[in-house]
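# Structure at a glance
Chain by chain, the residues run as shown.
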Amino acid sequence: MSARSDASQIRLRGMQSDDLPQVAALDRLSFADPWPQGSFEYELKANNYSVCLVAEDADAPEGQTIVGALVIWLIVDEAHIATIAVHPGYRHRGIGRRLLAEGLLQAAERGAVKSLLEVRSGNAEALHLYYGFGYKVVGLRPNYYQAEHEDALLLDLDPLDLEFLRNLKQTFSS
Ligand SMILES: CC(C)(COP(=O)(O)OP(=O)(O)OC[C@H]1O[C@@H](n2cnc3c(N)ncnc32)[C@H](O)[C@@H]1OP(=O)(O)O)[C@@H](O)C(=O)NCCC(=O)NCCS
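What you see is a predicted model, and the numbers here were worked out from it, not measured in a lab.

This part is about the sheet that holds strand S6 (residues 136–145). With respect to topology, seven strands assemble into an open sheet ordered S1-S2-S3-S4-S5-S7-S6, the strand pairing being mixed. One side of each edge strand has no neighbouring strand; the edge strands of this open sheet are strand S1 (10–14) and S6. Between one strand axis and the next, the sheet turns through 25° on average, direction left out of account. As paired elements, strand S5 (residues 114–120) and strand S7 (residues 150–157) share six bridges and run antiparallel to each other. Considered in S7, the bridge of glutamate 118 is made with leucine 154. Here helix H1 (residues 20–30) sits on the sheet and contacts strand S2 (50–57), strand S3 (66–75) and strand S4 (78–86); the angle it forms with S3, its principal contact strand, is near 90°. The sheet contacts of helix H4 (residues 124–133) involve S4, S5, S6 and S7, and relative to S7 the element is tilted by about 20°.

What follows covers the packing of helix H3 (residues 95–109) against helix H5 (residues 162–173). Viewed as axis vectors pointing N to C, H3 and H5 meet at an angle of 135°, and their least axial separation amounts to 9 Å. One finds that H3 runs oblique with respect to H5. Where H3 crosses over H5, the two elements pack in a sense that is left-handed. For the pair H3 and H5, contact is made by Arg97, Arg98, Ala101, Glu102, Leu104, Leu105 and Ala108 and by Leu162, Leu165, Arg166, Leu168, Lys169 and Phe172, respectively. Of the residues that constitute the contact of H3 with H5, the class distribution is eight nonpolar, no polar and five charged.

For the rest of this paragraph, the subject is the site of the ligand. Near the ligand you find 20 residues, and of these Val86, His92, Gly94, Gly96 and Asn123 are the closest. Separating a nitrogen atom of the ligand from a backbone N or O atom of isoleucine 84 is a distance of 2.8 Å. With respect to the ligand, the backbone of glycine 94 contributes an N or O atom lying 2.7 Å from an oxygen atom. Burial of the ligand by the surrounding chains reaches 77%, relative to a free accessible area of 930 Å². Secondary structure elements with two or more residues in the shell around the ligand: S4, H3, S5 and H4.

Our focus in this paragraph is H3. Under the 1.5 Å per step criterion, the end-to-end length of H3 is 21 Å for 15 residues, consistent within 8% with the ideal 21 Å. Of all 15 residues in H3, 12 are buried, a share of seventy percent or more. Listed in full, the buried residues belonging to H3 are Ile95, Gly96, Arg98, Leu99, Leu100, Ala101, Glu102, Gly103, Leu104, Leu105, Ala107 and Ala108. Just downstream of H3, glycine 111 is the residue with a positive phi angle, here 110°.

It is worth spelling out the nonpolar core at this point. Counting residues in hydrophobic clusters, the biggest one holds 37 residues, and the most contacted among them are Ile72, Ile81, Leu100, Leu104, Tyr130, Phe133 and Tyr135. Contributing elements (two or more residues each) for this core: S2, S3, S4, H3, S5, H4, S7 and H5. Ranked by residue count, the leading element in this core is H3, at eight residues. When residues no more than four places from it in sequence are discounted, the contact partners of leucine 100 are Leu70, Ile81, Ile84, Leu129, Tyr130, Phe133 and Tyr135.

To continue, consider the layout of surface pockets. Its volume calculated, the largest pocket comes out at about 1200 Å³. Lining the largest pocket are 33 residues, with Phe31, Ile84, Asn123, Ala126 and Tyr130 sitting closest to its centre. Those elements giving two or more residues to the lining of the largest pocket turn out to be H1, S4, H3, S5, H4 and S6. It is S4 that provides the largest number of residues to the lining of the largest pocket, a total of seven residues. Its residues assigned to classes, the lining of the largest pocket comprises 16 nonpolar, nine polar and eight charged.

What counts, and where the lines are drawn
Residues numbered from 1 in each chain as written. Predicted model: local features only at pLDDT ≥ 70, side-chain atom pairs only at ≥ 80, totals over all residues. Heavy atoms only, no water. Pairing = 2+ DSSP bridges. Helix = DSSP H or I, 4+ residues; strand = E, 2+ residues; numbered from the N terminus. Axes fitted to C-alpha atoms, helices over the stretch in contact; angles between N-to-C directions. Contact = heavy atoms within 4.5 Å. Parallel < 35°, antiparallel > 145°, perpendicular 65-115°, else oblique. Left-handed = near helix turned anticlockwise from the far one by under 90°. Nonpolar A, V, L, I, M, F, W, Y, C, P; charged D, E, K, R; others polar. Near = heavy atom within 4 Å. Polar contact = N/O pair within 3.5 Å; in protein donor to acceptor, adjacent residues only side chain to side chain. Areas by Shrake-Rupley, 256 points an atom, 1.4 Å probe, with all protein chains shown as cover. Expected span 1.5 Å × (residues − 1). Buried < 20%, exposed > 50% of the residue type's maximum accessible area, 1.4 Å probe, protein only. Core = buried A, V, L, I, M, F, W, Y, C linked by side-chain atoms within 4.5 Å. 1 Å grid on protein atoms, 1.4 Å probe; cavity = no way out; pocket = protein on both sides within 12 Å on 5 of 7 lines; lining within 4 Å. Points joined across faces, edges and corners; volume = space filled by probe spheres on them.

Take a look at the structure:
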């Protein structure tokens, strides 16, 4: 998959069944410990308390159009970021930010008032993204990723600032 120069052609939409093979491939490309087979299908079809979004580049070759994915779990009044990934060829162009803003707004519409997530302590790209939204470190889980002896940071965003998220979304469409 080649990188495109124009990010405006990237469309966000709800994940669909047809996307699942590409979403799983993106997950394998993005994480050393990808989700087990069937996990995305479960989130999409069986979990009524998840927000599943993709970023699509309709101009990319067929079968390679999904360039970003996000799953949020709705746990009572909390939006837990279960996973977010952008294809390496499409990173640093704001797609992760767009996905996160849209996902949090949809979670808020369904009752979320705050957000929580775990992230590897060495994941600078992801931390930069989350800090930009106002997430704060509230905990450390030592050696959480045992294979790599890496700690997890627990981040929270409380409360969700809907005006900030709506304004951010506005900047993407202008
Ligand atoms: C984390 C990830 C989703 C970010 O996606 P992205 O589309 O590149 O993010 P964006 O382009 O929206 O960037 C968001 C912010 O991070 C910054 N950023 C992106 N990559 C960066 C890097 N390598 N170093 C520093 N900052 C970086 C951007 O400049 C932007 O900051 P800004 O507000 O100052 O403009 C992507 O790097 C990824 O898929 N990583 C692998 C999977 C992963 O680790 N997911 C997170 C699990 S917790």
